[in-house]
Amino acid sequence: MTGYAMASALLTPELLRRLEQFQLLAARRAKSSLRGERRSRARGQSVEFADYRNYVAGDDFRYLDWNLFGRLDRLFLKLYEEERELPVTIFLDASESMAFGEPRKFDFARQVAAAVGYVALCGFDRVSILPFPDNPEEAAARGALRSVRGRKSALQFFQNINQLSAGGSASFNETLRRGALQARRAGLAVVLSDFLDPAGYDPGLTALVGRGFQISAVQILAPEELNPSTYGDLRLIDSETGAQQEVTFGKYRLNAYRQTVENFCQTLREYCQKRGINFFRAGSDTSLEQLLLKQLREAEVWG
Amino acid sequence: MNFLAPAALLFAAAIPVVILFYLLKRKRVVRLVSSTLLWQKFLAETQASAPFQRLRHNWLLVLQIIMLTLAILALARPYFAGKVTGGRLQVVILDASASMQSTDESPSRFEKARGEAFKLVDSLRDTDQMVVLQAAAHTDVKQSATSEKSALRRAIQSATVTDSTTRLNEALKMAESLTRDNNDAEVHLFSDGAAPGMKELENKGLRLVYHRVGLGANNLGIVSLDVRPNPENPDQRAIFSSVANFFPDEQKTEVELLFDGQLIEAKALTIPPTNTTPVVFLAAQPHDGVFTVRLTAKDDLKADNQASIVSLLPLPVKILLVTQGNRFLEKALKSAGKVELAVASSLTEEKPDCDLVVLDDVVPGVWPSLNMLAIRTMNTNWFESAGEVEGPAIVDWRAAHPLSRFVTFDNVQIAKALTVKTPSWAVAVVDSPQTPLVLAGELARQRIVWLAFDTVESTWPLRISFPIFIANAVDWLNPAAVQARQLTIPAGNPFRNALAEPATSAQVTLPDGSSRELVVDSTAREVVFGETEKAGIYRLAIGTNQIVFAANLLDAAESDTRPREELDFGKFGSVTATTLRRANLELWRWIAAAGLIVLLFEWWYYHKRTA
């Protein structure tokens with residue numbers, strides 16, 4: 001399989017072409033220590049003038065403002081903003097629950113991850129994809145998805161994403177907290193999950209917010225979850241925990257169930273809004289373009 | 001407890017089947033889902049609004065098993081073996097007298113009573129037995145003891161109300177004899193209580209339940225009727241009638257007199273409440289016929305608004321006086337209305353040419369077979385023994401007897417009299433401590449008035465009461481008058497008519513126009529017709545003879561339709577109208593049906609929620 005074929009399995013060339021026009025928008029100045037194309041508070045070498053300061057012995061003559069010296073007969077040094085990179089971390093839920101749905105929620109999540117990663121790569125930002133839970137069999141591919149930089153890496157990036165698979169029981173909060181601690185610099189964080197973790201989502205998101213990440217959360221739900229089509233006396237088994245739940249369910253109670261789902265999503269949405277997190281909800285059967293080209297753009301995740 | 005059909009208990013095997021169905025129902029389809037988180041939230045939300053959901057499902061199972069158990073038990077027909085195997089006996093007495101026709105209850109008291117009786121039948125247990133009696137002038141057993149409800153309902157349905165008086169005594173006595181050996185027996189009387197006093201009934205522990213029907217008395221009624229010659233004008237007839245008002249207020253009515261259906265006269269009448277007003281009509285009578293008196297006012301009871309009487313033209317009475325000479329008696333007899341008197345000193349024929357014979361202290365050679373007034377003489381087969389008493393004092397006389405009408409025996413002294421014992425065929429009209437002085441009775445179709453003393457040996461012929469008594473005696477002994485009186489009978493009483501010549505068949509036309517054939521025994525000397533429950537004019541045809549007779553209610557006690565709260569049984573107490581339920585109506589069928597409906601509803605509801 002060639003790289004482009006793999007890439008097109010995730011994202012169509014047409015979509016890739018349109019994504020190239022975007023750049024991730026960072027609300028805050030980049031804090032990375034590495035040079036990049038993002039404005040930062042650090043002063044250094046770039047074309048963007050920032051300030052003046054008095055000359056002290058040892059400063060580089062090249063940055064002296066000779067025009068000013070001519071008028072005032074004093075030496076001033078011109079300071080420039082240093083442009084640095086924006087670290088982008090994508091938390092990708094690869095738990096068993098993401099393997100459900102028609103189309104699969106995980107496939108949708110991978111596409112979103114690939115698209116976000118591609119936009120970041122095009123913008124010379126550093127992209128890390130953190131799939132969770134850990135899967136030793138995919139250690140190589142997962143390792144290669146960390147700190148990817150540069151557009152030329154895109155092909156390899158897509159190939160690695162394609163090798164990911166969903167399985168096992170996720171610990172959402174643990175992963176996010178670890179990711180927040182491990183990041184040397186806070187940047188952009190994208191969380192792709194169904195948020196259906198029995199332990200909730202609050203500790204993980206709080207850890208990210210506390211570390212200073214600018215977060216976008218995308219909740220991906222399968223159509224079956226939004227609109228169940230099985231009725232009768234059911235014994236439901238949780239794919240991740242194995243927990244059993246007996247339910248008697250009929251058309252009569254469908255609205256009540258929908259309301260429950262709506263309440264759950266609404267709680268999550270409000271939670272995110274309070275913490276400045278961009279929240280998106282997408283069914284795994286919604287169009288990718290709709291999410292990427294419209295919703296994310298309107299929310300100014302990129303522009 | 002035992003079971004009549006224990007094999008039905010095998011149906012209990014169905015109970016595990018029900019449970020099995022439940023197990024099958026509850027078996028759940030296993031489904032793998034991404035996460036049960038949403039479902040848990042969903043259940044938490046919905047269960048909070050319906051906390052009894054699980055419990056209700058369990059109840060369904062419990063209910064079904066209970067219903068099934070009951071059904072199996074019923075199929076097994078359990079019964080309690082014990083002492084009470086016979087069941088109770090209930091005697092229903094339906095009062096079918098005229099007052100039960102009152103329309104103060106809708107549609108009538110009798111229909112109301114019938115409905116109540118039906119309810120009693122409905123409440124009858126399977127082992128109970130019931131007897132249905134219809135009480136009017138005489139008591140009919142409509143249904144002998146049975147527990148078959150359809151037969152009882154048929155019997156009650158077949159009961160019909162009559163125009164006759166109530167004789168509850170007879171019915172109660174019959175009920176008493178029916179229930180004598182049955183301690184649990186109950187007598188249910190459905191009546192308005194408008195019946196003559198039952199003081200004679202010795203109600204010994206009769207378990208009588210009195211179901212009173214009737215709301216109030218709004219009734220005008222003719223309570224008496226008689227026809228006599230007008231004393232002032234022998235060509236006219238005087239019709240004596242009295243109308244009673246049982247309304248609580250004053251009533252106005254018209255009283256009409258009809259002769260053979262032709263209106264002769266009408267009088268307006270105003271009657272104060274609870275009063276009886278006499279009405280006298282004077283009318284010429286050209287031939288034998290029927291006088292009818294009619295009330296035009298509207299009231300609740302129609303049966304007593306009309307009464308008829310058969311009036312025959314008076315013929316002279318032929319009297320043969322056999323005497324040694326008694327001018328007082330001769331004069332008294334001559335003044336007793338239209339009389340053709342013949343006097344003789346002895347009698348040798350058995351059937352002399354006369355209507356009645358007077359024997360004045362003579363012993364005839366041949367005893368006549370006619371009605372007779374016998375003075376101090378007697379046939380040997382009349383009394384047991386005879387002696388003589390000096391100066392017996394008159395202590396009492398029967399004022400209600402026709403013979404002593406308008407007669408008092410004050411100031412009558414008697415020198416001596418024969419002493420006899422009152423025989424069974426006669427009643428003592430006048431009594432002294434030693435002997436009856438005047439006896440009257442009927443022996444072998446022969447009416448006899450017997451005086452124990454010679455009138456000339458007493459002060460009686462000098463008293464005004466003597467000619468009145470003689471006139472009464474002539475009237476009472478006159479066969480034509482006797483027969484005329486027999487032509488008017490109380491409704492419900494049998495009509496008797498002596499046959500002049502043997503007949504084999506007769507036909508009676510009832511007041512409603514229908515007719516009945518009577519078979520007469522060729523040796524019988526009289527014809528009897530019993531179907532006289534309806535008031536009105538009956539026509540009897542025997543051979544070439546046409547006899548008209550009238551049946552009337554003419555009973556003040558029956559016309560007084562006020563419902564009685566209490567029936568008086570003389571010194572043995574009384575019974576009060578009951579308002580209690582007549583029996584424990586069995587409700588289990590309805591409860592079971594309701595339970596079944598609830599069960600069906602539950603199922604429907606359950607399926608509606610889960611479908």
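Keep in mind the model is a prediction, meaning the values are calculated, not measured.

**A short note on the interface of chain B and chain A**
By a widely used convention, the size of an interface equals the accessible area lost when the partners come together.
Part 1 of the reasoning: Between chain B and chain A, the contact holds 26 residues from the first and 35 residues from the second.
Part 2 of the reasoning: When the two sides are added together, the surface that chain B and chain A hide from each other amounts to roughly 3100 Å², 62% of it contributed by carbon and sulfur.
Part 3 of the reasoning: The interface formed by chain B and chain A holds zero salt bridges in total.
Part 4 of the reasoning: Among the elements of the structure, α1 (14-26), β2 (29-33), α2 (37-49) and α11 (588-610) of chain B are those that each provide at least two residues to the side of chain B that touches chain A.
Part 5 of the reasoning: Broken down by element, the side of chain B that touches chain A gets its largest block of residues, nine residues, from α2 of chain B.
Part 6 of the reasoning: Looking at the side of chain B that touches chain A residue by residue, the classes come out as ten nonpolar, seven polar and nine charged.
Part 7 of the reasoning: Judged from the five bridges that link them, strand β8 (residues 232-238) of chain A and β2 of chain B form a sheet pairing that is parallel. The residue of β2 of chain B that forms the bridge with D238 of chain A is V33 of chain B.

**Thoughts on the pairing of strand β19 (residues 371-375) of chain B**
Residue and element names in this part refer to chain B.
Part 1 of the reasoning: Counting buried positions along β19 yields five of five residues, so the element is predominantly enclosed.
Part 2 of the reasoning: By the alternation rule, side chains of β19 split into N371, L373 and I375 and M372 and A374, which are all buried.
Part 3 of the reasoning: Looking at chain direction, strand β18 (residues 356-360) and β19 are connected through five bridges and run parallel. Among the inter-strand pairings, L359 is bridged to a residue of β19, identified as A374.
Part 4 of the reasoning: Sheet topology places β19 next to strand β25 (residues 446-451); four bridges connect them, and they run parallel. Its bridge partner being in β25, M372 is matched across the sheet by I448.

**Comments concerning the sheet that holds strand β32 (residues 545-552) of chain B**
Residues and elements named next belong to chain B.
Part 1 of the reasoning: Across the sheet, which stays open at both edges, the five strands sit in the order β26-β32-β31-β28-β29 with mixed pairing between neighbours. Every interior strand has two partners, whereas the edge strands, β26 (488-490) and β29 (515-519), have only one. Between one strand axis and the next, the sheet turns through 25° on average, direction left out of account.
Part 2 of the reasoning: Pairing analysis gives seven bridges linking strand β31 (residues 536-542) to β32, with the strands arranged antiparallel. Pairing of I537 across the sheet is with A550, part of β32.

**Section: the sheet that holds strand β8 (residues 208-212) of chain B**
Residue and element names in this part refer to chain B.
Part 1 of the reasoning: If you walk across this open sheet you meet the five strands as β6-β5-β4-β7-β8, and the pairing is mixed. The sheet is open, and its two edges are formed by β6 (139-146) and β8, each paired on a single side. Averaged over all pairs of adjacent strands, the angle between strand axes in this sheet comes to 15°, irrespective of strand direction.
Part 2 of the reasoning: Both strand β7 (residues 186-191) and β8 contribute to a ladder of five bridges, which runs parallel. The partner of H188 across the bridge, within β8, is V209.
Part 3 of the reasoning: Running at roughly 170° to β6, helix α5 (residues 149-158) makes contact with β4 (89-95), β5 (129-135) and β6 of the sheet.
Part 4 of the reasoning: Running at roughly 160° to β5, helix α6 (residues 168-178) makes contact with β4, β5, β6, β7 and β8 of the sheet.

**Re the confidence of the model for chain B**
Detailed reading of the predicted model is not advised wherever pLDDT is low.
All names here are of chain B.
Part 1 of the reasoning: Averaged over every residue, the pLDDT of chain B is 81; residues scoring 70 or more account for 85%.
Part 2 of the reasoning: Here residues 50-56 scores under 50 on pLDDT; set against residues more than four positions off or in separate chains, the count is seven contacts.
Part 3 of the reasoning: In this model, residues 580-586 is a region of pLDDT below 50 whose contacts with residues beyond four sequence positions or in other chains number nine contacts.
Part 4 of the reasoning: Scored as a whole, the predicted complex attains pTM 0.51, and scored at its interfaces, ipTM 0.78.

**Here we look at the nonpolar core**
Part 1 of the reasoning: Counting 57 residues, the largest nonpolar core has V358, V449, W450, L451, F469 and I470 of chain B as the members making the most contacts within it.
Part 2 of the reasoning: The element that contributes the greatest number of residues to this core is helix α8 (residues 465-477) of chain B, accounting for seven residues.
Part 3 of the reasoning: If sequence neighbours within four positions are ignored, L451 of chain B has contacts with L373, A374, I375, R376, L437, V438, W460 and F469 of chain B.
Part 4 of the reasoning: Counting residues in hydrophobic clusters, the runner-up holds 50 residues, among them L15, L145, V148 and L288 of chain A.

**Observations regarding the side chain of S239 of chain A**
Part 1 of the reasoning: One can find S239 of chain A in the loop between β8 and β9 (244-249).
Part 2 of the reasoning: You can call S239 of chain A buried: its relative accessible area is 18%.
Part 3 of the reasoning: Contacts of S239 of chain A, omitting those with residues within four sequence positions, involve E96, S97 and F100 of chain A together with L32, V33 and S34 of chain B.

**Some remarks on the packing of aromatic side chains**
The geometry of an aromatic ring pair comes down to the distance between the two centres and the angle between the two planes.
Part 1 of the reasoning: On inspection of all chains with the given rule, the structure shows 27 aromatic pairs over all chains.
Part 2 of the reasoning: Aromatic side chains Y201 of chain A and Y271 of chain A sit 5.4 Å apart centroid to centroid with 70° between the ring planes, which places their arrangement in the edge-to-face category. Of the two residues, Y201 of chain A sits in the loop between β6 (188-193) and α8 (202-211) while Y271 of chain A sits in helix α10 (residues 254-274), which places them 70 residues apart along the sequence. Side by side, Y201 of chain A and Y271 of chain A carry an identical accessibility label, which is buried.
Part 3 of the reasoning: Seen from their ring centres, Y538 of chain B and F549 of chain B are 5.1 Å apart, and the 10° between their planes marks the pair as stacked. Note that Y538 of chain B is positioned in strand β31 and F549 of chain B in strand β32, a separation of eleven residues in sequence. The burial state of Y538 of chain B is the same as that of F549 of chain B; both residues are buried.

**Examining the environment of R275 of chain A**
All names here are of chain A.
Part 1 of the reasoning: Along the polypeptide, R275 turns up in the loop between α10 and β10 (278-283).
Part 2 of the reasoning: Using a relative accessible area of 34% as the deciding quantity, one classes R275 as partly exposed.
Part 3 of the reasoning: A sequence separation of 69 residues divides R275 from T206, and the C-alpha atoms of the two residues are 8.4 Å apart.
Part 4 of the reasoning: Contacts of R275, omitting those with residues within four sequence positions, involve D202, T206 and V209.

**Section: the pattern of salt bridges**
Residue and element names in this part refer to chain B.
Part 1 of the reasoning: Scanning the model with the defined rule gives 27 salt bridges over all chains in all.
Part 2 of the reasoning: Between R228 and D226 there is a salt bridge, with the nearest N and O atoms lying 3.3 Å from each other.
Part 3 of the reasoning: Look at R228 and you get partly exposed, because its relative accessible area is 26%.
Part 4 of the reasoning: Classification of D226 by relative accessible area gives partly exposed; the value is 30%.
Part 5 of the reasoning: The partner of R376 in a salt bridge is E388, with the nearest N and O atoms 3.0 Å apart.

**Quick notes on the side chain of S191 of chain B**
Part 1 of the reasoning: Residue placement: S191 of chain B occurs in strand β7.
Part 2 of the reasoning: The residues contacting S191 of chain B, other than those within four sequence positions of it, are D95, M100, L168, Y210, H211, R212 and V213 of chain B.

**Comments concerning the packing of α8 of chain B against helix α9 (residues 479-486) of chain B**
Residue and element names in this part refer to chain B.
Part 1 of the reasoning: The N-to-C vectors of α8 and α9 enclose an angle of 65°; their axes lie 5 Å apart at closest approach. In terms of their interaxial angle, α8 and α9 are classed as roughly perpendicular. Each of D475, W476 and L477 in α8 lies in contact with α9, whose residues at this interface are P479, A481, V482 and R485.
Part 2 of the reasoning: Here the contact of α8 with α9 is built from residues that sort into five nonpolar, no polar and two charged.

**A look at helix α2 (residues 13-20) of chain A**
Three or four residues apart is the spacing at which side chains of an α-helix point the same way, because the helix has 3.6 residues per turn.
Part 1 of the reasoning: Taken as a whole, α2 of chain A has its buried residues at L15, L16 and L19 of chain A. Around the axis of α2 of chain A, the buried residues are gathered within 100° of arc, so they sit on the same side.

**Looking at unusual backbone geometry**
Residues and elements named next belong to chain A.
Part 1 of the reasoning: With an omega dihedral of -5°, the bond running from E102 to P103 counts as a cis peptide bond.
Part 2 of the reasoning: Structurally, P103 is set in the loop between β3 (87-93) and α4 (105-122).
Part 3 of the reasoning: With an omega of 5°, the peptide bond between F132 and P133 qualifies as cis.
Part 4 of the reasoning: Along the chain, P133 falls in the loop between β4 (126-132) and α5 (139-144).

**Description of a nonpolar patch on the surface**
Residue and element names in this part refer to chain B.
Part 1 of the reasoning: On the surface, a cluster of nonpolar side chains totalling about 380 Å² of accessible area is made up of L9, V62, I66, L70 and L73.
Part 2 of the reasoning: Note that L73 resides in helix α3 (residues 53-76).
Part 3 of the reasoning: The exposure class of L73 is partly exposed, given its relative accessible area of 31%.

**Re the packing of α2 of chain A against helix α11 (residues 288-298) of chain A**
Angle between the axes and distance between the axes are the two parameters that describe a pair of packed helices.
Residues and elements named next belong to chain A.
Part 1 of the reasoning: With their axes 11 Å apart at the nearest point, α2 and α11 run at an angle of 10° to one another. Relative to α11, the element α2 is oriented roughly parallel. Of the residues in α11, those touching α2 at L15, R18 and L19 are L288, E289, L292 and L293.
Part 2 of the reasoning: Within the contact of α2 with α11, the residues separate by chemical class into five nonpolar, no polar and two charged.

What counts and how
Once a new chain begins, its residue numbering starts again from 1 and follows that chain's sequence as written. Chains and ligands are labelled by the order in which they are written, letters from A for the one and numbers from 1 for the other. Predicted model: local features are reported for residues with pLDDT of at least 70 only, side-chain atom pairs are reported and counted for 80 or more only, and whole-chain, interface and lining totals are derived from all residues. Derived side-chain values reflect all non-hydrogen atoms in the structure, with water molecules and hydrogen atoms excluded from consideration. Should any heavy atoms of two residues lie within 4.5 Å, those residues are counted as being in contact. Summed over both partners, the accessible area (1.4 Å probe) lost when two parts come together is defined as the buried area. Any Lys or Arg side-chain nitrogen located within 4 Å of an Asp or Glu carboxyl oxygen qualifies as a salt bridge. Counting from the N terminus, the helices are DSSP H or I runs at least four residues long and the strands are E runs at least two residues long. For this classification, the nonpolar set comprises Ala, Val, Leu, Ile, Met, Phe, Trp, Tyr, Cys and Pro, the charged set comprises Asp, Glu, Lys and Arg, and every other residue, Gly included, is treated as polar. Pairing between strands is defined by DSSP: at least two bridges between them are needed. Relative accessibility thresholds used throughout: buried, under 20% of the residue-type maximum; exposed, over 50%; partly exposed, between the two (1.4 Å probe, protein chains only). Note on definitions: angles span 0 to 180 degrees between N-to-C directions of axes, and those axes are lines fitted to C-alpha atoms, for helices only across the stretch in contact. A score between 0 and 100, pLDDT records how confident the predictor is in each residue. We define a nonpolar core as any set of buried Ala, Val, Leu, Ile, Met, Phe, Trp, Tyr and Cys residues linked to one another through side-chain atoms lying within 4.5 Å. Geometry of aromatic contacts follows a simple scheme: Phe, Tyr and Trp rings, the Trp one being its six-membered ring, pair when their centres are within 6.5 Å, and the pair is stacked under 30 degrees between planes, edge-to-face over 60, tilted otherwise. If an angle is under 35 degrees, it is roughly parallel; if it is over 145, roughly antiparallel; if it lies from 65 to 115, roughly perpendicular; otherwise it is oblique. This arc describes the spread of directions from the helix axis toward the C-beta atoms. Patch definition: residues above 30% relative accessible area lacking any salt bridge, with like charges linked at up to 9 Å and the nonpolar side chains Val, Leu, Ile, Met, Phe, Trp and Tyr linked at up to 5 Å. Using the Shrake-Rupley algorithm and a 1.4 Å probe, accessible areas are obtained, with residue cover drawn only from the displayed protein chains.

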